[in-house]
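# What the coordinates show
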Amino acid sequence: MFKNYRNYFKIPNLQNGSSYNDDIYILGLFELSTKWGVREEGLSELAAANLAIEHVNKFQILPGYSLKLMANDTKCDPGVGVDNFFHAIYSNKVVLMVLGSGCSNVTESLANIMSYWNILQVSYGSTSPILSDRNRFPLFFRTVAPDSSHNAARISFIKHFGWKMVATFNLSQQPFQLSSNRFVRELEASDVYCVAMITFSMENYKEQLRVLKERDTRIIIGGFSEKMAPKIFCEVYNLKMYGKDYVWILQDQNGIWWENSKECNTEALRKAVEGVVLVSDYNYLSHNETAISGISNIEFEEQLNISKINVSKHAPQTYDAIWTMALILRESTLCKHSGYLTKFNYNNPDMVKKFVTSMASLKFIGISGPVKFDGADRIGNSILKQLQNGNLSTVAIYYAENGFLDFECLQCSNIKWHGGETPIDQRILKFRLVTIPKLAFFVVFGFATFGIILSMVLLYFNLHFKKRHAFKLSSPRLNNFVVFGCILVYLAVVFLGFDQGNAFFDINQSHLCTIRVYLFSTGFSLTFGSIFAKTYRVHRIFTYSATSLIKDKLLKDKQLIALICVLLIIDGAIVLLWIMVDPLKKTLKDLPIEINLENKGLAYQPQVEVCRSENTTGWFVVIYSYKGFLLIMGVYMAWETRHIKIPSLNDSKYIGICVYSVVSSSTVVLLLNFLSDYTTVSFLVTSLSILASTTITLLLLFTPKLRAVLSESDGENSIAQSMGLKIEYNTRRFLIEDHREVLYRIEVQNKVYKTELETLDKEIARLEQLLKSSTADSTGKDQVCKGIVFLPVPISSQFRASWPSTHSNGFKNQFLSEKELHEPPNEQKLKICDRLKGFFGSIPSMWMFNFVHEKTIGDGVDKNEKRETKSFPEGCIRSEIIEMSPIRSAASYEVGRY
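Quick caveat: nothing in here was measured; it's all calculated off a predicted structure. (Residues numbered from 1 in each chain as written. Predicted model: local features only at pLDDT ≥ 70, side-chain atom pairs only at ≥ 80, totals over all residues. Heavy atoms only, no water.)

## As for the overall build of the protein
From N to C terminus, the protein includes 26 helices and 24 strands. Scored against the burial criterion, the 898 residues of the protein give a buried share of 46%. Considering only intrachain contacts with a sequence separation of at least 6, the fraction spanning at least 24 residues in the protein is 74%. Counting only carbon and sulfur atoms, one obtains 56% of the accessible surface of the protein, whose full area is about 47,300 Å². (Helix = DSSP H or I, 4+ residues; strand = E, 2+ residues; numbered from the N terminus. Buried < 20%, exposed > 50% of the residue type's maximum accessible area, 1.4 Å probe, protein only. Contact = heavy atoms within 4.5 Å. Areas by Shrake-Rupley, 256 points an atom, 1.4 Å probe, with all protein chains shown as cover.)

## With respect to helix 10 (residues 297–304)
Looking at helix 10, one finds that the buried residues are Asn297, Phe300 and Leu304. The arc enclosing the buried residues of helix 10, seen along the axis, measures out at 55 degrees, which places them on a common side. Opposite its buried face, helix 10 presents the exposed residues Ile298 and Glu302, each directed more than 90 degrees away. Looking one or two places after helix 10, you find Asn305, whose phi comes out positive at around 60 degrees. (Arc of directions from axis to C-beta.)

## A look at the sheet that holds strand 15 (residues 377–378)
Spatial ordering of the open sheet is given by 13-14-15, a layout of three strands whose pairing is antiparallel. Strands with a single pairing partner mark the edges of an open sheet, and in this sheet they are strand 13 (363–366) and strand 15. Running at roughly 145 degrees to strand 13, helix 11 (residues 315–333) makes contact with strand 13, strand 14 (369–374) and strand 15 of the sheet. (Pairing = 2+ DSSP bridges. Axes fitted to C-alpha atoms, helices over the stretch in contact; angles between N-to-C directions.)

## Brief notes about the environment of Glu41
Among the structural elements, Glu41 can be located in helix 2 (residues 40–58). Judged by its relative accessible area of 34%, Glu41 falls in the partly exposed class. Considered as a pair, Glu41 and Ala315 are 274 residues apart in the sequence and their alpha carbons are 8.2 Å apart. If we ignore the near neighbours within four places in the chain, the residues touching Glu41 are Asn310 and Ser312.

## Considerations on the sheet that holds strand 7 (residues 140–142)
If you walk across this open sheet you meet the five strands as 4-1-5-6-7, and the pairing is parallel. Looking at which strands have only one partner, the edges of the open sheet turn out to be strand 4 (65–73) and strand 7. Direction aside, neighbouring strands of the sheet carry axes that sit 25 degrees apart on average. Sheet topology note: the strand 1 (residues 22–30)/strand 5 (residues 95–99) ladder contains four bridges and is parallel.

## Brief notes about the packing of helix 8 (residues 229–239) against helix 9 (residues 266–273)
Relative to each other, helix 8 and helix 9 sit at 85 degrees, their axes nearing to 8 Å. Between helix 8 and helix 9, the interaxial angle falls into the category roughly perpendicular. Here helix 8 contributes Pro230, Phe233, Cys234 and Tyr237 to the contact with helix 9, which in turn contributes Ala268, Leu269, Lys271, Ala272 and Val273. Across the contact of helix 8 with helix 9, the residue classes tally to eight nonpolar, no polar and one charged. (Parallel < 35°, antiparallel > 145°, perpendicular 65-115°, else oblique. Nonpolar A, V, L, I, M, F, W, Y, C, P; charged D, E, K, R; others polar.)

## Let's talk about the nonpolar core
By size, the foremost hydrophobic cluster in this structure holds 72 residues, and its most contacted members are Phe85 and Trp323. Per-element tally for this core: the top contributor is helix 11, with 10 residues. Not counting chain neighbours up to four residues away, the residues in contact with Trp323 comprise Ala52, His55, Val56, Phe59, Ile61, Ile292, Ser293 and Phe364. Membership of the second largest hydrophobic core comes to 50 residues, among which are Ala440, Val659, Val662 and Phe702. (Core = buried A, V, L, I, M, F, W, Y, C linked by side-chain atoms within 4.5 Å.)

## Digging into helix 3 (residues 78–89)
Taking 1.5 Å per residue as the helical rise, helix 3 with its 12 residues ought to reach 16 Å, and the 17 Å between its terminal C-alpha atoms agrees with that figure. Of the surrounding elements, those touching the buried residues of helix 3 are strand 1, strand 4, strand 5 and helix 4 (104–117). Capping the start of helix 3 is the job of one residue whose side-chain oxygen sits 3.0 Å from the backbone nitrogen of Gly79: Asp77. (Expected span 1.5 Å × (residues − 1). Polar contact = N/O pair within 3.5 Å; in protein donor to acceptor, adjacent residues only side chain to side chain.)

## Things to note about empty space enclosed by the protein
Gaps between atoms show up when a probe of the same size as a water molecule is rolled over them. Counted under the stated rule, the structure contains six cavities of 30 Å³ or more. Taken as a whole, the largest cavity encloses approximately 230 Å³ of empty space. In terms of lining residues, the largest cavity is bounded by 23 residues, among which Arg154, Asn170, Gly222, Gly223 and Gln251 are the most central. Of all the elements in the fold, those that place two or more residues in the lining of the largest cavity are helix 5 (151–160), strand 8 (165–171), helix 6 (174–189), strand 10 (219–223) and strand 11 (247–251). (1 Å grid on protein atoms, 1.4 Å probe; cavity = no way out; pocket = protein on both sides within 12 Å on 5 of 7 lines; lining within 4 Å. Points joined across faces, edges and corners; volume = space filled by probe spheres on them.)

## Quick word on the side chain of Asn381
By the element assignment, Asn381 lies in the loop between strand 15 and strand 16 (382–388). Overall, Asn381 belongs to the buried group, its relative accessible area being 8%. Looking at Asn381, its side chain comes within polar contact range of the main-chain nitrogen of Ala400, at 3.1 Å. Ignoring any residue separated from it by four or fewer positions in sequence, one finds Asn381 in contact with Ser280, Asp281, Tyr282, Pro370, Tyr398, Tyr399 and Ala400.

Structural measurements only, silent on function.
Now the structure itself:
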């Protein structure tokens, strides 16, 4: 692309044995050593300069002059570099130009003073953008391309893939910031928009990376040192800012910094840098092309006579810098008298101005490629490399002369993107409000309406049959509160589906959030508060007052209703405090972004309306804890009353099922909070689970009562049935004849009879003994009568409580509760009832019957001993019937009372 300028300059072939008249000097400042020792790269740069001096003199680029190099070591120290410069100035040799240095800080210090001495300075390795300032450094030039010289290559690469939006991420140091500012200006001129210019320090780079991620810019131009690169990309890995959605374009630091890092493991760092694009100088000649001196890159490295490992990357630029000076000096001597350059004076600016003018039009093919200057900076070719599988692969070469980005060069590999698709610069984000579909809303609305109608029907039955025994025992007033609570829950579910897509009337959405919370909370308290209040009353009757009458006023309906009102007041206080301290507001929650498959640059941001406050979780924890405590207390009372056999009173089994359904529904609702992205599914499952648990509660409480009423098997005899009895023809009978109980009672009766017989035998023997020893006179008779202790005659079988028999020919007196015609009706009825109440209950054990038997006999003997003896006619025996008072069940009394 560039012609060989040997013909242009009419450079003769190499002539041996030529002699030169005048010596002219160039001061060369190199970094030959550092505080750590000798710098091998500096030695290769010095060797390249000497090689260029040799070639210039041999080719007679400066006829009549011999070019000499005065080399010094700056040690990359500005003070040492300036000191070496002044030593050269005040020597007996005139310095026409200064070569160097390779350290930007040393070069900057020297460039500040060159204008005072009218000396042209050419650097071979300083890339600081500060040196591009022509106002501060008018006599400075460099053959190394600065970071800003690759801006054209970066912009061409960006436009090749159609990216319109990029972001810069630079270290907050002057060289990187200046380069970034110039790059942004060139971007704007090329119709590429810079979304963000983010600078960071070594302390806050993590925070600034998060800011960059929030900007959602995928094409990032980085500017930072080799030392910071591993730290940054370890954080890039943590933030997942790599892969198919991101492209990082960096300045090549010529170091393998991604091989090791203290911030993260090597594998993580390699994943983060995979696909990173690095831009650097292209310091090589094209295929089969030679430099102005007639040598190729391979011949150049051979003539350096230095190990290839130690050759500096700036050695070719050093060689070209000497040639640049020689060609400028040659052009300034044209049409001038012999010895013109020897007349150079530090105080005369005319000659240096000609040097600067010549630099603006200079161009030639150097060993590092085409050499051309734009101001102080060289316009050189750029090479773009990509990290593929941990190795750098050349993907394109940018030729600055014609602005051509070549992806088809001989050494170029195909560029590889994650997923095989070119990343996009930034998605156009469109917001879309997600509402509940009308079909889903009407389905839930239909079920809720059915639930409300069912509640009204059950309320009608409860009011209509409230005097029937099945409903009366179940507290119809409290049942009304249960129905009202369920209706409120059904209404809350309807309000749950109200959003902007299903709002049939104008209502403040924030107020709607509060209404939902209060309806759910109040409905729950009314429903389960009433159920648990009924259970509490049964619990008090049958647990604490089994042997005495209950005089607790809390067991009346009015007091239980007051207890329910307390629960409602607590609900209202919690909701009111919530509204005053941390009110609920309608906010929009972002759902996962949806990508348009046809246009990947277009993305949709779905949003759904949610009710939120600053501490929503805390308030719900308070409400759930309060309701959970209520459920626990209800379950406890249901467990305590589980053995009560009166169906109309005991709802413990149904309460357990109701609590189970509520807990299951609550668990489903909590789990669906993690699936809130699926709005329709979440709404349907949440609503239907609440509706199902509410309907189950209603049906479990009212279905048994309705069945009892409609089947005409009312619960008037439920108390007797709970005791194992049934009423037929106004007579209580056993529901089931238990043969074991019959056998137990026969054994007990047998023992009673044997004991009575033994007592009678003893008494007869004693009386017979007295008769034998007494005389037949009247006095004796009186004494005998006075000495007789009258015992109770065994109770007649018609008055004794006889026991049931399993044999038809056994005891004649069966256990019967029917009236007998020869007994008075009232007395017979009273005795039978008393006896039944004494016998009914659980099956007695053998020790209990022994205890009763011994107690009865013992009591009878004590009474006979204490009874006063009276005179009766001979043979007259007094009989007394001892009746045992029946024990009335306090629980049965209370059931009848309430």
